[in-house]
Each structure stands twice: as structure tokens, then as C-alpha cells.
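For reference, the chains in residue letters:
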Amino acid sequence: MADYQYHDVSKMVDHSLLSPTLIEADLNSGIDLAIAYEVASVCILPYYLKRCAERLAGTGVKASTTIGFPHGGHTTAIKKAEAEQAIQDGCEELDYVVNISQVLSGGWDYVQNEIGAVTELAHAAGQKIKVIFENCYLQDEHKIRLCEICTELQVDWVKTSTGYGTGGATMDDLRLMRAHSGENVQVKAAGGVRDLKTLLEVRALGVTRCGASRTAEMLGEARQQLGLPAINITATGSSGY
């Protein structure tokens, strides 16, 4: 017998709709899928966020989008403007990419000030922020320092990856991030969580969210294990996750 309930796993999933080639019909069917499977959020292309938030209202599924995505090289002013627009459009969770160049350059004041500025905007609006490190480009010392900064700034999640770098979440990185983040900072895995087995494995490490495009496959298997009715809807998502 499974040692979890359905919402224990469905509410770990941020359904990814971020591929630049998704057309409006794909975005709409992806939103429908997310609602049907009762996931945590839909992380959608920013231009479609307002429509997504309207569709998700009252469903229990949150609207989320990206800031400084995927390379993190936008100026702080642009990232703040993106965050302000996202909040105006109904965003409840902002997935924000750090300035990777500044992290690798050791520009920690810049990094901390920028994370702080976007976090302050999100929290002032009563919304949450996930800070994306893009671990495939970083050394452990960078990841640890970012965890420390994010803990100090009281961000809501630290996140491994965009799903569009050279690699995604690894078990070692998830353990490292959980170990070096404060107890009030959650951990999100992105890139590489593609089946229920892996979803349960990262859950056991303390991960509370996963970016995913294979939502239907993962949660369909969970429903089967739990003896719940199958959901018949076409899966739509982003190959980046």
C-alpha cells in the first residue's frame, strides 16, 4: 500500500508551460490538465499569465511565472518591472533567476541586493518567491552561499534549475540545499523529475515542489497506485523540465 495520499504528491507539482513554441491551444490545454490533476501551480510564459490566473481562480491551483528567465542576466530594474507586472497580472508565486554571472564573479552584494529587491516586491504583495540558482553552472561553494543569502532574506523556496541549462536537479544538490537552507526555506527541484519514483525520492529528501512537464504520467501513476479514477486529458508542458 502506498505510504502517501494523492495531494501529498499532486501539491508538489508546478506544471511547466514555458517552452517558447507552445501555442495558445497548448497553454489552455496545459492549464486544464493542471486543474484536473490538482497540482500546486501552473508556471506559465509571462505573456499568458493574466489569462492563466483568471482560469485558475477558485480552483486551488496557483498561478506562477518566471522572472529573469532563463539566463538571469537582466538588470535588476528589469527584473523588478517583470515582478511588478506579474503581480499585477495575478501571479501568486514568482520563479526568479539569480544573476549567474555575478554569482560566478563573487559579486555577492549585487546578488543579495537583487534577490532582496525582488523578494521584497513579492512579499509586499502577499505572494511568494522561488529563487533559481541554475546549479549546473555553479560550484558547491556558490550554492551554499546562495542558500545562506536566501535564508537571511527569508525567501520561500530555493530552486535548483531553470530546466533550460546544461543539467537539472541532482540528489546531491537537493541534499546540499536542504542542509544549508533555513527550516523556513523550502526546496524546489527542476529538471530531471520525470516519474513518480523520482518524485517520491526527492520528497523523502525534504523537497516540497518540483517543476514538471510529465505531470499526467507521474500523477496518473500515483492515482493508479492509490486506486483513484484515471483522468483522461492530453498532457501538455515544457520539454525543458
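Residues numbered from 1 in each chain as written. Predicted model: local features only at pLDDT ≥ 70, side-chain atom pairs only at ≥ 80, totals over all residues. Heavy atoms only, no water.

Regarding helix α3 (residues 49-56), the residues found buried are Leu49, Cys52, Ala53 and Leu56. With its buried residues spanning 100° around the axis, α3 presents them on a single face. Buried-residue contacts for α3 involve α2 (24-37), β2 (41-44), β3 (62-67) and α4 (76-88). Gly58, located one to two residues past α3, shows a positive phi value of around 80°. (Buried < 20%, exposed > 50% of the residue type's maximum accessible area, 1.4 Å probe, protein only. Helix = DSSP H or I, 4+ residues; strand = E, 2+ residues; numbered from the N terminus. Arc of directions from axis to C-beta. Contact = heavy atoms within 4.5 Å.)

What follows concerns the nonpolar core. Of all hydrophobic cores here, the largest spans 69 residues; its most connected members are Val42, Ile44, Ile115, Val131, Phe133 and Leu146. Leave out the neighbours within four places in its chain, and Phe133 touches Val98, Ile100, Leu138, Lys143, Leu146, Cys147, Cys150, Val158, Lys159, Thr160 and Met177. (Core = buried A, V, L, I, M, F, W, Y, C linked by side-chain atoms within 4.5 Å.)

Quick look at the UniProt feature "active site" (unreviewed entry) in the protein now. Mapped onto this numbering, the UniProt entry annotates "active site" (unreviewed entry) at Asp95, Lys159 and Lys188. Considering the C-alpha atoms alone, the annotated residues occupy 94 residues of sequence yet fold into one spot, their largest mutual distance being 10.2 Å. Within the fold, Asp95 resides in strand β4 (residues 93-97). Among all residues touching Asp95, those that are not within four sequence positions of it are Cys43, Ser64, Thr65, Thr66, Ile67, Lys130, Ile132, Lys159 and Lys188. Of the polar contacts made by the side chain of Asp95, one reaches the side chain of Lys130; its length is 3.1 Å. Summarising the element assignment, Lys188 is placed in strand β7 (residues 186-190). For Lys188, the residues in contact, after removing those within four places along its chain, are Asp14, Asp95, Lys130, Trp157, Val158, Lys159, Thr160, Leu174, Val207, Arg209, Cys210 and Gly211. (UniProt positions renumbered as here; feature names shortened; annotations may be inferred. Polar contact = N/O pair within 3.5 Å; in protein donor to acceptor, adjacent residues only side chain to side chain.)

As a packed pair, helix α6 (residues 108-124) and helix α7 (residues 140-153) sit with axes 10 Å apart at the nearest point and diverge in direction by 40°. By the angle between their axes, α6 is oblique relative to α7. In this structure, α6 meets α7 at a crossing whose hand is right-handed. Note on element contacts: α7 touches α6 through His142, Arg145, Leu146, Ile149, Cys150, Glu152 and Leu153, opposite Trp108, Val111, Gln112, Ile115, Gly116 and Thr119. Per-class residue counts for the contact of α6 with α7 are seven nonpolar, four polar and two charged. (Axes fitted to C-alpha atoms, helices over the stretch in contact; angles between N-to-C directions. Parallel < 35°, antiparallel > 145°, perpendicular 65-115°, else oblique. Left-handed = near helix turned anticlockwise from the far one by under 90°. Nonpolar A, V, L, I, M, F, W, Y, C, P; charged D, E, K, R; others polar.)

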